[in-house]
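# Per-entry structural report
Given next are the chains, with one letter for each unit.
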Amino acid sequence: MNRTFDWEAAREALPLLLEGFRVTLLATVLGTLVAAVLGLAIAVAGRAASRLVTVPVRTVMEFVRSTPLLVQLVGAAAVFTSVEPLTVGIAVLGVHYAAYTSEVYRAGIDGVPKGQWEACRALSMSPRRTWQAVILPQAVRNVLPALGNYAVSMFKETPFLAVITVQEMVFEARKYGADHFAYTEAWTLAGLIFLVASYPTSLLMRKLEKRLGH
């Protein structure tokens, strides 16, 4: 039986969804920070001369890339039962996306002209100084748009956190819909909030990519 959109139910659901959005945004921001820092560390470690470092790192990253995020969330929640679900979710999101951002960083590092490396050696710069002052500033600048796109992707995948009882926006939408039999209103608002938050960010990343490409 068809029913019209209940604006009163939508008005009632909105504060709950915005509270869920706060959790969604927190998970996205912190997950992105973890992915950015860990991905960079993995990319640098992957260039180590010792196979004792590179082989384990590549093995773990291949495992992460080869398994669904949903499986990783459920598995981590089952293992770390004493840890808050939100903390587990942020960690899993960060590690999952670090496996991809590490490849982005690797491409950025490989894109630094060989002459830059040779100039650093000619100036007798230490490896640490070479990375900090010359290589990483150029590499990170070139990959910023790609990192931003991964942040948007992570934002859109935060609904998976609901399976480990994180009360993010989709969790709240589903709960409100079940409690008040107002699924249409709750899900519509959740979709609109996702759209309003992610679409401008995507446009900004495209503009940044074009600007850095010139």
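Our subject is the structure that appears above.
What the protein contains, in helices and strands, is 8 helices and 0 strands. Each helix and strand of the protein, ordered N terminal to C terminal, gives the series α-α-α-α-α-α-α-α. In terms of overall dimensions, the protein has a C-alpha envelope of 75 × 45 × 25 Å along the principal axes. Per-residue burial over the protein gives 36% buried out of 214 residues. Sequence-distant contacts, at least 24 apart, represent 77% of the contacts inside the protein between residues at least 6 apart. With 20 positive and 15 negative side-chain charges, the protein shows a separation of 15 Å between the mean positions of the two kinds.

Our focus in this paragraph is the pattern of salt bridges. In this structure the tally under the stated criterion is 6 salt bridges. Residue Glu 19 pairs with Arg 22 through a salt bridge whose shortest N-O separation is 2.9 Å. Pair noted here: Glu 19 and Arg 22 are both in helix 1 (residues 7–45), with a separation of 3 residues, about one helical turn. The exposure class assigned to Glu 19 is partly exposed, which follows from its relative accessible area of 41%.

Moving on to the packing of aromatic side chains. Tallied over the entire structure, the rule returns 8 aromatic pairs. Through a chain of ring-to-ring contacts, three or more aromatic side chains come together here, namely Phe 21, Phe 155 and Phe 194.

Between helix 5 (residues 114–122) and helix 6 (residues 127–157), whose axes approach to 11 Å, the crossing angle comes to 170°. The pairing of helix 5 with helix 6 is recorded here as roughly antiparallel in orientation. Residue-level contacts link Gln 116, Trp 117 and Cys 120 of helix 5 to Thr 130, Trp 131, Val 134, Ile 135 and Gln 138 of helix 6. Its residues placed into classes, the contact of helix 5 with helix 6 shows 5 nonpolar, 3 polar and no charged.

Structurally, the position occupied by Thr 158 is in the loop between helix 6 and helix 7 (169–180). A distance of 2.7 Å separates a polar side-chain atom of Thr 158 from the backbone oxygen of Phe 155. Aside from chain neighbours lying at most four places away, what touches Thr 158 is Thr 24, Thr 28, Leu 93, Glu 168 and Phe 194.

Residues Leu 17, Met 169 and Tyr 176 are the most contacted members of the largest nonpolar core, which totals 16 residues. Those elements that place two or more of their residues in this core are helix 1, helix 7 and helix 8 (183–213). By size, the runner-up hydrophobic cluster in this structure holds 15 residues, among which are Leu 69, Leu 93, Met 154 and Ile 164.

Parameters and conventions
- Residues numbered from 1 in each chain as written.
- Predicted model: local features only at pLDDT ≥ 70, side-chain atom pairs only at ≥ 80, totals over all residues.
- Heavy atoms only, no water.
- Helix = DSSP H or I, 4+ residues; strand = E, 2+ residues; numbered from the N terminus.
- Buried < 20%, exposed > 50% of the residue type's maximum accessible area, 1.4 Å probe, protein only.
- Contact = heavy atoms within 4.5 Å.
- Lys, Arg positive; Asp, Glu negative; His and termini not counted.
- Charge placed at Lys NZ, Arg CZ, Asp CG, Glu CD.
- Salt bridge = Lys/Arg side-chain N within 4 Å of Asp/Glu carboxyl O.
- Phe/Tyr/Trp six-rings, centres within 6.5 Å; stacked < 30°, edge-to-face > 60°.
- Axes fitted to C-alpha atoms, helices over the stretch in contact; angles between N-to-C directions.
- Parallel < 35°, antiparallel > 145°, perpendicular 65-115°, else oblique.
- Nonpolar A, V, L, I, M, F, W, Y, C, P; charged D, E, K, R; others polar.
- Polar contact = N/O pair within 3.5 Å; in protein donor to acceptor, adjacent residues only side chain to side chain.
- Core = buried A, V, L, I, M, F, W, Y, C linked by side-chain atoms within 4.5 Å.

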